[in-house]
Amino acid sequence: MNNGGVRSRTRAAIDAPHLRTDRWWLAPAATAAGLLAFVVYSTWRAFANADYYAAPYVSPFYSPCLAENCETMRGGPNWEIFGSWWGISPAILILIFPLGFRLTCYYYRKAYYRGFWASPPACAVAEPHKKYTGETRFPLVLQNIHRYFFYAAILVAGILSYDTVLSFRDEHYAWGHMGLGTLVFLANIVLIWAYTISCHSCRHIVGGKLKHFSRHPVRYRMWQFVGKLNARHMLLAWASLVSVALADFYVYLVASGVFDDPRFF
Amino acid sequence: MSGYTAHFKVWRGDGQGGGLEDFKVEVNDGEVVLDIIHRLQATQVPDLAVRWNCKAGKCGSCSAEINGRPRLMCMTRMSVYDRDETITVTPLRAFPVVRDLVTDVGFNYRKAREVPSFVPPAGVGPGEYRMFQEDVDRPQEFRKCIECFLCQDTCHVVRDHEENKTAFAGPRFLMRVAELDMHPLDAAAETGLDRKKTAQDEHGLGYCNITKCCTEVCPEGIKITDNALIPLKERAVDRKYDPLVWLGSKIRRRSS
């Protein structure tokens, strides 16, 4: 603990770094545990390079599949722009974009600054760092490129929407069928879009940057709509994080033969 | 329900030193923490220093920290605490203490003076200002601020790092910059003052790591982070970190 901050010479002489009596540690601890669980799971799945395709479902971690070593997915998101020289899991090529989107997201920044970096751990609880420069210097100044990851996230969400449409086929690629996996994919894509659209950068781009809403009625409406979603950005961030992991896990279970996808019609 | 005796710990002292003192004090139905502090003054410690005024959550005077959380004493009901709970009241811990529960909040007034004020539009006289409600909705939310400085107190950028007080204006005054930059009639840009750029360069917007404590403690419920600080960060990105927006602004100069 530093001797400055709340224990600076001019401030009220109180030794304790904070006097909170509630369970202030619970929220950052739960956040850190949740994020850590996702990091462990997604790292395993991203590097596994196996069990990511079970017709007609492709794991969202491997879509689009950009290398030659991808499994062939009939009518699916194969796009071999990286050719044969790419030897490791093709998931790495695409996960950089959603990872960057979430890492620079204004909600996740709050979550991991509090949960992992204790900066601050909770409101009015002294942080353990002697110096603090926030997002003024490299590397954290790069948080300012969030909007570019937002553009990439739009493309990724578009491709995952295409995958969801493909899930209306059966295992023989015939159209007009649905299984439990289709519902999992539908729920996932709705949450992915809701999280992506509710982004603070999106809110700025569609209308927040304007000075006069009255001169741009359509953008004003769009800004209001995104604003309503934006108020639930945290909820959507967690819901979509869980749903994307569940969608991947569902494909893993089907692809690895743990169970057969129940078909509705 | 009936009255009971509560256990209070109240910080007493001044810039030279001090500490928490224990008190047993009567509490009645419907009372708030400020009532109890006043009862202490009236019955046990007549020289207890406390700043207060309206007792209605509108003047922003009675800011303090209650059980370690920055709050208005007049808006903190005793009923939210268990009867056997010890209630600790200290002065704001981000500012120099003057005496007992009174702190020197001059830092905030210095920062207020650093924000260039509203620039009236050319050719429009007082009383002739006309604007659409949808254009002033955003700045009006920020005008609810009662300047209690709880957000300034809880912000770790200055609370935990005294040295940042020079560079960082704090959430209240970054919100003021946002308010002016979003104001439909502010003509600062026409005079060469780019508030989006100065927010980052002169008022320390980059220090904010959007951990939302300012929003959590605001007694007026202003969404400081989501509606002021993050939009201001995005505006600063337009000016300083987004080459496409910069290029677009060079190609077509159009007022928005």
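The paragraphs below set out a description of the structure included in this document. Computed from a predicted structure; not experimentally measured.

## Digging into the overall build of chain B
Part 1: When helices and strands are counted, chain B shows 10 helices and seven strands.
Part 2: Expressed as lengths along the three principal axes of its C-alpha atoms, the size of chain B is roughly 70 × 40 × 30 Å.
Part 3: Counting across all 256 residues of chain B, residues that qualify as buried make up 45%.
Part 4: For chain B, long-range pairs separated by at least 24 residues make up 64% of all intrachain contacts whose partners lie at least 6 apart in sequence.

## Concerning the nonpolar core
Part 1: Of all hydrophobic cores here, the largest spans 120 residues; its most connected members are Met73, Val89, Leu174 and Leu232 of chain B.
Part 2: At eight residues, the largest contribution of residues to this core is made by helix H8 (residues 233–255) of chain A.
Part 3: Look past the residues within four positions of Leu174 of chain B in its chain and what remains in contact with it is Ala169, Ala199, His203, Leu205, Cys208, Ala228, Leu229 and Leu232 of chain B.

## Description of the environment of Leu92 of chain B
Residue and element names in this part refer to chain B.
Part 1: For Leu92, the location among the structural elements is in the loop between strand S5 (86–90) and strand S6 (97–99).
Part 2: Taking the C-alpha atoms as reference, Leu92 lies 20 Å from Ile224; in sequence the two are 132 residues apart.
Part 3: Contact partners of Leu92, with chain neighbours within four places excluded, come to Ser63, Ala64, Glu65, Pro70, Thr103 and Asp153.

## Here's the deal with unusual backbone geometry
Residues and elements named next belong to chain A.
Part 1: Following Ser63, the chain continues to Pro64 via a peptide bond in cis, the omega torsion being 0 degrees.
Part 2: Considering the arrangement of structural elements, one finds Pro64 in the loop between strand S2 (57–58) and helix H2 (91–103).
Part 3: The phi dihedral of Tyr173 is positive, around 70 degrees, even though this residue is not glycine.
Part 4: By the secondary structure assignment, Tyr173 is in the loop between helix H4 (146–166) and helix H5 (180–197).
Part 5: Taking the number of C-beta atoms within 10 Å as the measure of exposure, Tyr173 has 14 and is therefore partly exposed.

## Considering the interface of chain B and chain A
Part 1: In this assembly, 50 residues from chain B lie in contact with 44 residues from chain A.
Part 2: Listing elements by their share of the side of chain B that touches chain A, those giving two or more residues are strand S1 (4–14), strand S2 (17–27), strand S4 (69–72), S5, helix H3 (133–142), helix H5 (156–159), helix H8 (213–217) and helix H9 (224–240) of chain B.
Part 3: Residue contributions to the side of chain B that touches chain A peak at seven residues, all from H9 of chain B.
Part 4: When grouped by side-chain class, the residues that make up the side of chain B that touches chain A number 18 nonpolar, 17 polar and 15 charged.

Rules of the game
Residues numbered from 1 in each chain as written. Chains lettered and ligands numbered in written order. Predicted model: local features only at pLDDT ≥ 70, side-chain atom pairs only at ≥ 80, totals over all residues. Helix = DSSP H or I, 4+ residues; strand = E, 2+ residues; numbered from the N terminus. Buried ≥ 20, exposed ≤ 12 C-beta atoms within 10 Å, placed from the backbone. Contact = placed C-beta atoms within 7 Å. Core = buried A, V, L, I, M, F, W, Y, C linked by C-beta atoms within 7 Å. Nonpolar A, V, L, I, M, F, W, Y, C, P; charged D, E, K, R; others polar.

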